[in-house]
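If you want the building blocks of each chain, they are given just below.
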Amino acid sequence: MGKSKVLVVGGTGYIGRRIVKASLEQGHETYVLQRPDIGLDSDKVQMLLSFKKQGAHLIEGSFSDHKSLVDAVKLVDVVISTMSGVHFRSHNLMMQLKLVEAIKDAGNVKRFLPSEFGMDPALMGHALEPGRVTFDEKMTIRKTIEDANIPFTYISANCFATYFAGNLSQMGTLLPPRDKVVLYGDGNVKVVYMDEDDVATYTIKTIDDPRTLNKTIYLRPPENILTQRELIEKWEKLIGKQLDKSTLSEQDFLSSVKDLDFAGQVGMGHFYHIFYEGCLTNFEIGDGEEASKLYPEVQYTRMDEFLKCYV
């Protein structure tokens, strides 16, 4: 058995471009869907051309042309969707229904990885409005995949380090504070922080692995399970300085949400579940698998290492 051929849909996006890189690095013949709606976005065009230079194949296809999607899917064994599911960027998770239809009609795909890469939506049935829309949509996609008997792997990648660790989990910035920091509650809830390149590495590792077939894979490497306080301590050690800490109570956090716009309310709802409820770590992995146990050879980035570039 050779390595699977891979099609990445959403390959110029935040996680997508890392998935393309990891797929090429791990020796997979890699295709990237080139969509006509790229228009005049020169950054995306340049990225696609750089993929081509690295050995990826660009394949034209459009969500408004079913046949083009089927033709693209027929070229590969594995399809990975990295379409955006966050509201402050483009939010287009439901467009994946057209991709599922194409995979169903093509009939050759050995594994489909839909755009997940966050919390496990199957555990978020209780999530706050309006943030629950993300989980509801992901569950709709899952049901469609499973009803069509398409082989799948779901990746639960928890908190991307650039958005949650580099800023010490502060909202409204991506840079770490050097004087004052806000703690959510007592700051002792366990969170999982993941370097985005490691997310891509683990994701590609799963695609030819029979252990991950029709499973949810949790990226939960033990040294990256940290409380917010522990993350802050790593930063304080790096800069040789204690930060002034203030506490935001659960009640004050929730009352501040209602004054925000829709995208803000969605994001804050997710923050609430992560930092007050502990939704990333308050359950045992049952039928799923944990990536760092499956692939101990991956030298994942620890958060003190990740934070060094901010010093």
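Residues numbered from 1 in each chain as written. Predicted model: local features only at pLDDT ≥ 70, side-chain atom pairs only at ≥ 80, totals over all residues. Heavy atoms only, no water.

**Q** Teacher, can you tell me more about the overall build of the chain here?
**A** When you go through the chain residue by residue, the secondary structure sums to 12 helices and 13 strands. Seen along its three principal axes, the alpha-carbon backbone of the chain occupies a region of about 55 × 45 × 35 Å. Counting every position in the chain, which comprises 311 residues, the buried fraction comes to 53%. For the chain, restricting intrachain contacts to residue pairs at least 6 apart in sequence, the fraction spanning at least 24 positions comes to 80%. By element, 51% of the accessible surface of the chain is carried by carbon and sulfur atoms, the whole surface being about 14,100 Å². Separation between the mean location of the 36 positive side-chain charges and that of the 43 negative ones in the chain comes to 4 Å. (Helix = DSSP H or I, 4+ residues; strand = E, 2+ residues; numbered from the N terminus. Buried < 20%, exposed > 50% of the residue type's maximum accessible area, 1.4 Å probe, protein only. Contact = heavy atoms within 4.5 Å. Areas by Shrake-Rupley, 256 points an atom, 1.4 Å probe, with all protein chains shown as cover. Lys, Arg positive; Asp, Glu negative; His and termini not counted. Charge placed at Lys NZ, Arg CZ, Asp CG, Glu CD.)

**Q** I would appreciate a short explanation of the nonpolar core in the present structure.
**A** One finds Ile80, Phe117, Tyr193, Leu219 and Ile274 to be the most contacted residues of the largest nonpolar core, which totals 69 residues. The element contributing the most residues to this core is helix 10 (residues 262-277), with six residues. For phenylalanine 117, the residues in contact, after removing those within four places along its chain, are Ile15, Ile19, Ile80, Ser81, Thr82, Ile155, Ala157, Asn158, Phe160, Val199 and Thr203. Among the nonpolar cores identified, the runner-up in size contains 25 residues, and Val73, Met83, Val100 and Ala106 belong to it. (Core = buried A, V, L, I, M, F, W, Y, C linked by side-chain atoms within 4.5 Å.)

**Q** Please explain the environment of glutamate 25 as it appears in this structure.
**A** As for its placement among the helices and strands, glutamate 25 is situated in helix 1 (residues 16-25). As for glutamate 25 and isoleucine 204, which are separated by 179 residues in sequence, their C-alpha atoms are 9.7 Å apart.

**Q** I would appreciate a short explanation of the packing of aromatic side chains in the present structure.
**A** Centre-to-centre distance and the angle between the planes together describe a pair of aromatic rings. Under the criterion given, the structure shown has 15 aromatic pairs. Here a set of aromatic residues connected by ring pairs shows up, and it is made of Phe164, Tyr184, Phe253, Phe271, Tyr272, Phe275 and Tyr276. Its guanidinium or amino end placed over the ring of phenylalanine 283, arginine 220 lies 4.6 Å from that ring's centre, counting from NZ or CZ. (Phe/Tyr/Trp six-rings, centres within 6.5 Å; stacked < 30°, edge-to-face > 60°. Lys NZ or Arg CZ within 6 Å of the ring centre and 35° of its normal.)

**Q** When you look at the side chain of threonine 30 in this model, what are you seeing that I'm missing?
**A** Summarising the element assignment, threonine 30 is placed in strand 2 (residues 30-34). Looking at threonine 30, its side chain comes within polar contact range of the side chain of serine 23, at 2.7 Å. Within polar-contact distance, the side chain of threonine 30 engages the backbone oxygen of histidine 28 at 2.8 Å. Filtering out sequence-adjacent residues up to four positions away, threonine 30 remains in contact with Val6, Val8, Val20, Ser23, Leu24, Ala56 and His57. (Polar contact = N/O pair within 3.5 Å; in protein donor to acceptor, adjacent residues only side chain to side chain.)

**Q** Looking at this structure, I do not really get unusual backbone geometry. What am I missing?
**A** Both trends apply: most residues other than glycine have a negative phi, and most peptide bonds are in trans. Of the consecutive residues glutamate 129 and proline 130, the connecting peptide bond is found in the cis state with omega at -5°. Mapping proline 130 onto the fold places it in the loop between strand 5 (111-113) and helix 5 (132-147). The phi angle at serine 169 is positive, at roughly 70°, despite the residue not being glycine. Structurally, serine 169 can be placed in the loop between helix 6 (161-164) and strand 8 (180-184). Residue asparagine 214 is not a glycine yet carries a positive backbone phi of 55°. Summarising the element assignment, asparagine 214 is placed in the loop between helix 7 (196-206) and strand 10 (215-218).

**Q** Explain the environment of aspartate 244 here, please?
**A** Within the secondary structure, aspartate 244 sits in strand 12 (residues 244-248). On the accessibility criterion, aspartate 244 (53% relative accessible area) is exposed. Residues in contact with aspartate 244, not counting those within four places in the same chain, are Asp179, Lys180 and Val181.

**Q** I tried to follow the sheet that holds strand 7 (residues 159-160) on my own but got confused; where do I start?
**A** Sheet strands line up and pair through hydrogen bonds in the backbone, either parallel or antiparallel. Read across the open sheet, the three strands follow the order 7-9-11; overall the sheet is mixed. What marks the edges here is a single partner per strand, and that holds for strand 7 and strand 11 (225-227). In the packing of helix 8 (residues 228-239) onto the sheet, the strands contacted are strand 9 (190-194) and strand 11, and the crossing angle to strand 11 comes to about 90°. (Pairing = 2+ DSSP bridges. Axes fitted to C-alpha atoms, helices over the stretch in contact; angles between N-to-C directions.)

**Q** Is there a simple way to explain helix 8 in this structure?
**A** If you check helix 8, its first and last C-alpha atoms are 17 Å apart, about what 12 residues at 1.5 Å a residue would give, namely 16 Å. Taken as a whole, helix 8 has its buried residues at Gln228, Leu231, Ile232, Trp235 and Glu236. Seen from one end, helix 8 has its buried residues packed into an arc of 140°, which puts them on one side. The first or second residue beyond helix 8 is glycine 240, which carries a positive phi of 65°. (Expected span 1.5 Å × (residues − 1). Arc of directions from axis to C-beta.)

**Q** Where do I start with the sheet that holds strand 2 in this structure?
**A** Pairing in this open sheet of five strands is parallel, and the strands run 3-2-1-4-5 from one edge to the other. Taken across any chain shown, the strands that pair with only one partner, and hence form the sheet edges, are strand 3 (57-60) and strand 5. For this sheet, the mean angle separating the axes of adjacent strands, direction not counted, is 25°. Here four bridges tie strand 1 (residues 6-9) to strand 4 (residues 78-81), and the two strands are oriented parallel to one another. Considered in strand 4, the bridge of valine 9 is made with serine 81.

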